[in-house]
Amino acid sequence: MQPFSLYLPTRLVYGKDRIEELDGLTRGYGTRVLLVAGTGSARKSGLVDRVKAALAGRDIVELEGVVPNPRIDSVRAGAALCKEHNVDFIVAVGGGSVIDCSKAIAAAAVSDEEAWELVRHPDRIEKALPLFTVLTLAATGSEYDNSAVISNTATSEKLGMANDRLAPVASICDPSLTFSVPAYHTAAGIADIMSHTFEQYMVLEGNPVSDGFCETILRTCIEYGPKAVAEPDNEEARSALMLASSFGCNGMLALGRTPSPWPCHGIEHEISAFHDITHGVGLAIITPHWMRYSLTETTLARFVQYGVRVWGLDPEGDPMTVAKTAIDKTAEFFASIGLPSRLSETGVTDEHFEAMAEHVETCWWSLQGALRPIDRAGVLEILRASL
Ligand code: NZQ
Ligand code: ZN
C-alpha cells in the first residue's frame, strides 16, 4: 500500500430540510455574508430565499449569475464585493460551478494577489474566508473537497486549483434539492461521478479497500442513474447519486494507491476551455475512447476486474473479450442516459486539438503516469477518436 495523507475538514450535513441549520453552523463566523448563486435555478425554486431566511439577522450581499465553467471575472467581482463589504463568510448555493467560484472568491477576498494568479499558483493561498455550501446538483464532489476549477476566456484556459484552505466548513446536502435538475445535467453529473471514479480506479496497482469503494460507486451510478433521469423526484435515486458524488475528488477513492494523473479530466478541461461544453458531457464522450486507448496486455487485468465486479461479466470468460465488453457497456450506458457519444454532436471541431494537446502536456500532471502512458500523440489520438 502506498503511504497517504487524508484531510477532510468539511462537515457534511445530509438529508431533507436541513437548510435551517445554516443558522447554527455559521454562528461564530461573523455577521456579514456573501451569498453566491448561479444563473437562476436557485432563485426560481425559492432556495435563495430559504437560505436568506436561515441567515436572518446577518447582512447579506449577493452575487448571482455564476455560469457553468465559472469565469475568473465572477471571482474578481465576488472578491471585490467581499472587500467592499468586509464580508466574514461566504455561502454558495448551487452546483459545482457556484461552489468552485465561491472557493476562489474566498481566497481572492483576503489576498493582495490578483485572482487569476491565485488560480495559477494555489500554493500561494495562505488564508481564505470560511465557506458554507448548499449543494443543488450531484456531480463534482466540490462540496467535500479542497479544489476549484476556474475558466479564463481571455486566455482559453480552464485550470484546477487545490488548497486545503478552500475546503468548505460545512456543506448542506439535501437530495430533494436536486429534483429540479434537468435530465441532461443529471446525466452529465452521473458521468462526472463515474469519471472521478475511473480516474482513480484505473491504475495498475489495486487496493482492496479503495477498489471496493470505487466499484460500489460505479454500481450505484449504473443502478440509480437511469432512475434519476427517468423519475426526477425519485428520492432514493437522487440520494444515492448525491452520496456517490461527494467522495469523488477528496482522496477517498485513491487511498493507498499510486496517484493517477486524471487523464480524462486533463483532456476535458482543454475541450471546455476552448468550447465551453458541459464538463460531464465531455467526460462521457472521452472516457470510452480513453479506455480503448488504455487497454493493452499490461492493463488487461484492471479492465477485467472492472467488467466482472461492476458489470457482472463472466470471470471465466476470455479476458480480452470481457475487457472490451466492459468498455462497450460503459459507452452504451452513457448513451442510454441521453448523453452524446461524439464531440462533433456538441459543436466541437478539431480546430484546436493541437493546442489542447500541447496545453494539457504543459499545464496538467504528466500523463506519462496514466494507466497506459499518454504522450502528446496519445492525447491527439483520443481526441480524434472522440470527434
Ligand atoms: O446556473 P444555475 O441556475 O445554478 O443552473 C445550473 C447549470 O445550468 C443547473 N442546476 C444546478 N442545480 C440545479 C440546476 N438546475 C435546476 N435545479 C437545480 N437544483 O445545472 C447546470 C450545471 O450546473 P454546474 O454547477 O455547472 O454543474 P456541476 O455541478 O457539474 O459543476 C461543473 C463545474 O465543476 C467543475 C467542472 O469543471 C465545471 O466547471 N469541477 C469541479 C470539481 C471540483 N471542485 O472538485 C471537480 C470536477 O471534476 C469538475 O472539474
Ligand atoms: Zn469531474
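These figures come from a predicted structure and were not determined experimentally. Position labels on residues start from 1 in each chain and follow its written sequence. Chain A is the first chain written and ligand 1 is the first ligand written, with later ones labelled in order. Restriction of local features to residues with pLDDT of at least 70 applies here, the model being predicted, together with a cutoff of 80 or more for giving and counting side-chain atom pairs; totals for whole chains, interfaces and linings are based on all residues. Neither water nor hydrogens contribute to the side-chain values; these are computed over all heavy atoms in the structure.

### With respect to the side chain of Thr10
Inference 1: Of note, Thr10 is situated in the segment before strand E1 (11–14).
Inference 2: With residues up to four places along the chain from it excluded, the contact list for Thr10 reads Glu143, Tyr144, Ala167, Pro168, Val169, Ala170 and Ser171. The helix count covers DSSP runs of H or I at least four residues long, the strand count covers runs of E at least two residues long, and both are numbered beginning at the N terminus. The contact rule is simple, with two residues in contact once any of their heavy atoms fall within 4.5 Å.

### Quick look at the coordination of the zinc ion (ligand 2)
Inference 1: Note that water is not among the atoms used; donors are N, O and S atoms within 2.8 Å of the metal (3.2 Å for Na, K and Ca), so sites may look incomplete. The zinc ion (ligand 2) binds to the protein through Asp192 (OD), His196 (NE2), His265 (NE2) and His279 (NE2), with metal-donor distances spanning 2.0 to 2.2 Å.
Inference 2: Taken in chain order, the donor set of the zinc ion (ligand 2) reads D-x3-H-x68-H-x13-H. In this pair, Asp192 and His196 are both assigned in helix H7 (residues 183–201), 4 residues apart and thus about one turn of the helix distant.
Inference 3: Looking at Asp192, the relative accessible area reads 2%, which means it is buried. Relative accessibility thresholds used throughout: buried, under 20% of the residue-type maximum; exposed, over 50%; partly exposed, between the two (1.4 Å probe, protein chains only).

### With respect to the UniProt feature "domain: Alcohol dehydrogenase iron-type/glycerol dehydrogenase GldA" (unreviewed entry) in the chain
Inference 1: Residues given the UniProt feature "domain: Alcohol dehydrogenase iron-type/glycerol dehydrogenase GldA" (unreviewed entry) here are residues 9–175.
Inference 2: Secondary structure within residues 9–175 divides into 29% helix and 25% strand; the distance between the first and last C-alpha atoms comes to 22 Å. UniProt positions are given in the numbering used here, feature names are shortened, and annotations may be inferred rather than shown by experiment.

### Focus on the packing of helix H11 (residues 279–294) against helix H15 (residues 376–386)
Inference 1: Think of each axis as a best-fit line through the C-alpha atoms, taken over the contacting stretch in the case of a helix, with angles from 0 to 180 degrees between the N-to-C directions. Close contact between H11 and H15 brings their axes to 9 Å; oriented N to C, the two are set at 130°. Relative to H15, the element H11 is oriented oblique. You can see that H11 and H15 cross each other, and the crossing is right-handed. Residues Ile285, Ile286, His289, Trp290 and Tyr293 of H11 pack against Gly378, Glu381, Ile382, Ala385 and Ser386 of H15. Comment on the angle field: the value is read as roughly parallel under 35 degrees, roughly antiparallel over 145, roughly perpendicular from 65 to 115, and oblique elsewhere. Should the near helix be turned anticlockwise from the far one by less than a right angle, the crossing is left-handed, and should it be turned clockwise, the crossing is right-handed.

### Regarding the packing of aromatic side chains
Inference 1: Planes of paired rings set the category: under 30 degrees apart is stacked, over 60 is edge-to-face and the rest tilted, where pairs are Phe, Tyr or Trp rings (Trp by its six-membered ring) whose centres lie within 6.5 Å. Inspection of every chain in the model, using the stated rule, returns 8 aromatic pairs.
Inference 2: Both rings, one in Tyr144 and one in Phe247, keep their centres 5.7 Å apart while their planes meet at 80°; by these two values the pair is edge-to-face. Of this pair, Tyr144 sits in the loop between strand E5 (131–135) and strand E6 (147–152) while Phe247 sits in the loop between helix H9 (235–246) and helix H10 (263–275), and the two are 103 residues apart along the sequence.
Inference 3: Lysine and arginine charges are scored as sitting over a ring when NZ or CZ, respectively, is within 6 Å of the ring centre and within 35 degrees of the ring normal. Lying over the aromatic face of Tyr201, Arg302 brings its terminal NZ or CZ to 4.4 Å of the ring centre.
Inference 4: Over the ring of Tyr293 we find Arg372; its NZ or CZ atom is 3.9 Å from the centre of that ring.

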